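Read off the chains here:
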Amino acid sequence: MTALQRREQLITVGRSLFAAKGFEAVSVEEIAATAKVSKPIVYEHFGGKEGLYAVVVDREMQTLTGAMMDTLAAPAQGSRQIVENAAMAFLNYIEEHTEGFQVLARDRPTTDPSGSFNSLLGDVSIRVEDLLVRAFKRHKIPAKGVPYYAQMLVGLMVFTGQYWATHRKMSKEQLAAYIVNLAWNGLSRMEAKPQLRYVGDADRRKHRDESTTDDRETDDHEDHETNSPYSGPDDGAENVSTTEHIDANPDDNDTSTHTIDE
């Protein structure tokens, strides 16, 4: 076996062990034993398991970065097509490089260089931000939330991909359709000024009920003083009905939605 072939063998062995056990649990002795070589051979090629790990991570990063950035930079795509292509590119990588993805997604050593999976996700998020800013501006949606929306979209794909890597109960195409279904239907119905509808609504409703009660008591008092011949047991019914209607529909905020172009 040539030196180059031995190096490639060690990289393959190291990737499998790091994927299965994580960096900390793998030793140089185990790498050498699995490759059927002596420990000095591992040190000769990589200087230790840290060097081998760095090479494995660098290769996987290049592969995944190329796939994702090429997809996000592709011209003449509609917004939905970008979401679909990005989901498929990521799942294709997981399917074809399962061990590599597991190495990237696992806990990393404290000596891990800055060019890690987290930095890749940061780069992808920035690219997604650029795409969202342009789409939001076209549809007059405030862009201050874009960095958070970008993180949500990237996190959706990453955590779903991590689960799918070990639970392959559906095809990548079906999973991509699920991802797009959630992500796109959310994007396509964006509210310009999103607010919570129920959390924190109790105080708002209580204030509204108190105001309605005060108005009702004032009306009853005036009716009693004037002895209006039109006053009677049905006078309060309209007010009660109105209050019930307000309670059933607590959202008084602007919920207008904007559709992002496909």
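This structure is a prediction, so every number in the text was calculated from the model and none was measured. (Residues numbered from 1 in each chain as written. Predicted model: local features only at pLDDT ≥ 70, side-chain atom pairs only at ≥ 80, totals over all residues. Heavy atoms only, no water.)

Caption draft 1: The arrangement of the packing of aromatic side chains in detail. Counted by the stated rule, this structure contains six aromatic pairs. Arranged with centres 5.7 Å apart and planes meeting at 85°, the rings of F90 and F101 form a pair that is edge-to-face. Placement of the pair is F90 in helix α5 (residues 79-96) and F101 in helix α6 (residues 98-105), with a sequence separation of eleven residues. A single burial state applies to F90 and to F101, both of which are buried. (Phe/Tyr/Trp six-rings, centres within 6.5 Å; stacked < 30°, edge-to-face > 60°. Helix = DSSP H or I, 4+ residues; strand = E, 2+ residues; numbered from the N terminus. Buried < 20%, exposed > 50% of the residue type's maximum accessible area, 1.4 Å probe, protein only.)

Caption draft 2: Region of interest: the pattern of salt bridges. The final tally for this structure, using the stated rule, is seven salt bridges. Salt-bridge contacts for R15 lead to E60; the nearest nitrogen and oxygen are separated by 3.7 Å. Note that R15 is positioned in helix α1 (residues 3-21) and E60 in helix α4 (residues 49-73), a separation of 45 residues in sequence. For the pair shown, R15 and E60 are each scored as buried. Measuring nitrogen to oxygen at the nearest pair gives 2.3 Å for the salt bridge that ties E30 to K21. For K21, a relative accessible area of 41% translates into the label partly exposed. (Salt bridge = Lys/Arg side-chain N within 4 Å of Asp/Glu carboxyl O.)

Caption draft 3: View of the side chain of T71. Relative to the elements of secondary structure, T71 occurs in helix α4. Polar side-chain contacts of T71 include one of 2.9 Å to the backbone oxygen of A67. Discounting residues that sit within four places of it in the chain, T71 has contacts with Q77, N85, A86 and A89. (Polar contact = N/O pair within 3.5 Å; in protein donor to acceptor, adjacent residues only side chain to side chain. Contact = heavy atoms within 4.5 Å.)

Caption draft 4: The arrangement of unusual backbone geometry in detail. A positive phi angle, close to 60°, is found at K36, a residue other than glycine. Classification of K36 as exposed rests on a relative accessible area of 72%. With a phi angle near 55°, K140 is a residue other than glycine that sits in the positive phi range. Position of K140 among the secondary structure elements: in the loop between α7 (117-138) and α8 (146-166). Overall, K140 belongs to the exposed group, its relative accessible area being 69%.

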